[in-house]
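Spelled out, the chains give:
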Amino acid sequence: MATSATAALAVNLLDAHSLLATFGVIGIGVVMFAETGLLVGFFLPGDSLLFTAGLLCAGTADKGANLSLPAVLAAAVIGALAGAQCGYLIGRSAGPALLARGRSRKLHEGAARAEELLGKYGHAKAIVLARFVPVVRTVLNPLAGVLNIPARVFTVWQVAGGLLWTVGLVLAGYALGSSIPSVDTYLLPIVGLIVAISLLPVAIEFLRSRRGGKHQNGTAQ
């Protein structure tokens with residue numbers, strides 16, 4: 001009992017391997033819920049946790065216990081979808097004071113980015129895109145509640161984005177882990193690459209909006 005308590009206290013919350021080694025599948029669900037539903041979870045490593053869990057499901061990694069792919073997918077999806085819905089409901093009931101109480105500069109920057117996404121791309125596209133942007137995916141859900149985005153609209157698109165994000169990253173890790181023996185050797189650069197790839201949808205949308213703005217300016221002139 002004492003050993004388990006010591007291990008739980010020693011876990012590094014910023015390290016996906018440490019979280020998975022200590023808490024396993026249950027930890028995936030808890031982290032997904034906290035990162036997408038509670039403002040205090042904005043610092044948690046959602047992208048790298050999902051990808052690393054997929055690697056461990058493949059059974060070829062040198063470190064950590066093997067995980068069950070169906071269990072990981074279920075925990076990730078349930079945690080991410082329930083967390084987002086909870087964040088929305090908290091924002092709807094607590095109102096603007098919820099975000100105002102946060103003291104983290106990173107959190108306020110995420111809120112500004114979330115508002116920008118909602119204003120630029122509309123509700124549906126912004127809710128889906130936010131899943132792929134750290135901090136923004138934490139803040140956008142309560143912000144959607146604060147802004148009174150219709151519950152049905154929010155639910156449909158947060159489910160679509162949540163499935164795309166969680167299932168996509170877990171299966172990407174699983175596919176890579178199945179094809180490369182001892183993939184742990186390359187884990188850090190691979191996780192960095194996956195995080196960069198996860199930002200591609202937002203980068204593409206940003207470039208499209210800039211081109212559209214330039215085109216409109218040129219037409220006006």
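A short tour of the structure in this document, coming up. (Residues numbered from 1 in each chain as written. Predicted model: local features only at pLDDT ≥ 70, side-chain atom pairs only at ≥ 80, totals over all residues. Heavy atoms only, no water.)

**Concerning the overall build of the protein**
What counts, and what does not: Under the DSSP-based scheme used, a helix requires at least four consecutive residues in state H or I and a strand at least two consecutive residues in state E, with every element numbered from the N terminus. Residue burial is assigned from relative accessible area. The probe radius is 1.4 Å, only protein chains are included, and a residue is buried under 20% of its type maximum, exposed over 50%, and partly exposed in between.
Across its full length, the protein holds ten helices and zero strands. Reading the secondary structure of the protein in the N-to-C direction produces α-α-α-α-α-α-α-α-α-α. With 221 residues in all, the protein has 46% of them scored as buried.

**Digging into a nonpolar patch on the surface**
Our working rule: The patches reported here contain residues having more than 30% relative accessible area and no salt bridge. Joining distances are 9 Å for like charges and 5 Å for nonpolar side chains (Val, Leu, Ile, Met, Phe, Trp, Tyr). Areas reported here follow the Shrake-Rupley algorithm with a probe of radius 1.4 Å; residue values treat only the protein chains shown as occluding. The working definition used for a salt bridge is a side-chain nitrogen of Lys or Arg within 4 Å of a carboxyl oxygen of Asp or Glu.
Residues Val153, Val156 and Trp157 make up a contiguous nonpolar surface patch of roughly 240 Å² in combined accessible area. Take valine 156: it is sitting in helix α8 (residues 151–179).

**Here we look at helix α3 (residues 46–58)**
The cut-off we apply is this: By this rule the span expected of a helix is its residue count minus one, scaled by 1.5 Å.
Along its 13 residues, α3 runs 19 Å from first to last C-alpha, staying within 8% of the 18 Å computed at 1.5 Å per residue. Burial analysis of α3 places 13 of its 13 residues in the buried class, which makes it a mostly covered element.

**Some remarks on the environment of arginine 92**
In plain terms, the rule: Note on definitions: a residue-residue contact is assigned when non-hydrogen atoms from the two residues lie within 4.5 Å.
Secondary-structure assignment places arginine 92 in helix α4 (residues 69–94). Sequence spacing of arginine 92 and proline 142 is 50 residues, and the spatial spacing of their C-alpha atoms is 7.0 Å. Leave out the neighbours within four places in its chain, and arginine 92 touches Gly145, Val146, Asn148, Ile149 and Ala151.

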